[in-house]
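# Residue-level structural notes
Here's the letter readout for the chains.
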Amino acid sequence: GENVEQHPSTLSVQEGDSAVIKCTYSDSASNYFPWYKQELGKRPQLIIDIRSNVGEKKDQRIAVTLNKTAKHFSLHITETQPEDSAVYFCAASLNQAGTALIFGKGTTLSVSS
Amino acid sequence: EPEVTQTPSHQVTQMGQEVILRCVPISNHLYFYWYRQILGQKVEFLVSFYNNEISEKSEIFDDQFSVERPDGSNFTLKIRSTKLEDSAMYFCASLGTGPLSGANVLTFGAGSRLTVL
């Protein structure tokens, strides 16, 4: 089955800096890669996703890149703000209803002002 | 915005007791999931459910676990005989087409925190 590795486990940046979180996946059949943000004590919430027919996607300060050949994808946050502090999870699955999202272990991002 | 609702928000139980966690998925969604998150760890897939049957389950989802859709709105997770290691946050999720990419988007409930003593 799918296995998702995520790095780093913790990331501390200064406000205004960029943050990059990287994930690798094992199942070459996976074709859907969402990123979730989980604030302390709350549910994971989808912030951006990418499908395997696209190499990059951007939404304001966040972007995701995908390298299918290398089976890795990354989350980029620019101009970080204190409210970006949270745990970020990458995930992978087949883009097919009913299949499981398999999550990475999470990255705790701390943005200090 | 439609939400997935879960009850109870927190349950404390004695080891060996049965627990039922309840979820009301988003009304027009057809695929339902349970995930769990042990404190400080990643979100782990337990089971997916469609058309009144399990479509996929993980190694965690052993014979102590069961799921049911007893009526048109509720989706339940039962743990038959709880163990200490079952202590975790249990998230229900349902699947529907979302605005971000047209892919099916998983929406999580707020979670049920289970504490087994």
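Above this note sits the structure.
Conventions we followed
Residues numbered from 1 in each chain as written. Chains lettered and ligands numbered in written order. Predicted model: local features only at pLDDT ≥ 70, side-chain atom pairs only at ≥ 80, totals over all residues. Heavy atoms only, no water. Contact = heavy atoms within 4.5 Å. Salt bridge = Lys/Arg side-chain N within 4 Å of Asp/Glu carboxyl O. Polar contact = N/O pair within 3.5 Å; in protein donor to acceptor, adjacent residues only side chain to side chain. Helix = DSSP H or I, 4+ residues; strand = E, 2+ residues; numbered from the N terminus. Nonpolar A, V, L, I, M, F, W, Y, C, P; charged D, E, K, R; others polar. Pairing = 2+ DSSP bridges.

## What to know about the interface of chain B and chain A
- Taken together, the contacts link 24 residues of chain B with 24 residues of chain A.
- Summed over the shared surface of chain B and chain A, the number is 0 salt bridges.
- One can count 6 residue pairs in polar contact (both at pLDDT 80 or more) joining chain B with chain A.
- For the side of chain B that touches chain A, the elements supplying multiple residues, two or more each, are strand 4 (31–37), strand 5 (43–50), strand 6 (53–57), strand 9 (88–97) and strand 10 (104–108) of chain B.
- Of the residues belonging to the side of chain B that touches chain A, the class tally is 14 nonpolar, 7 polar and 3 charged.

## A look at the environment of B:Leu30
Residue and element names in this part refer to chain B.
- Within the secondary structure, Leu30 is located in the loop between strand 3 (19–24) and strand 4.
- C-alpha of Leu30 to C-alpha of Tyr50: the two residues are 20 residues apart in sequence and 6.3 Å apart in space.
- Aside from chain neighbours lying at most four places away, what touches Leu30 is Phe49, Tyr50 and Leu95.

## Examining the pairing of strand 6 of chain B
All names here are of chain B.
- Direction of pairing for strand 5 relative to strand 6: antiparallel, over a ladder of 4 bridges. Residue pairing across strands places Ser48 opposite Glu56, the latter belonging to strand 6.
- Connecting the antiparallel pair strand 5 and strand 6 is a turn made up of 2 residues, with Asn51 showing a positive phi of about 55 degrees.

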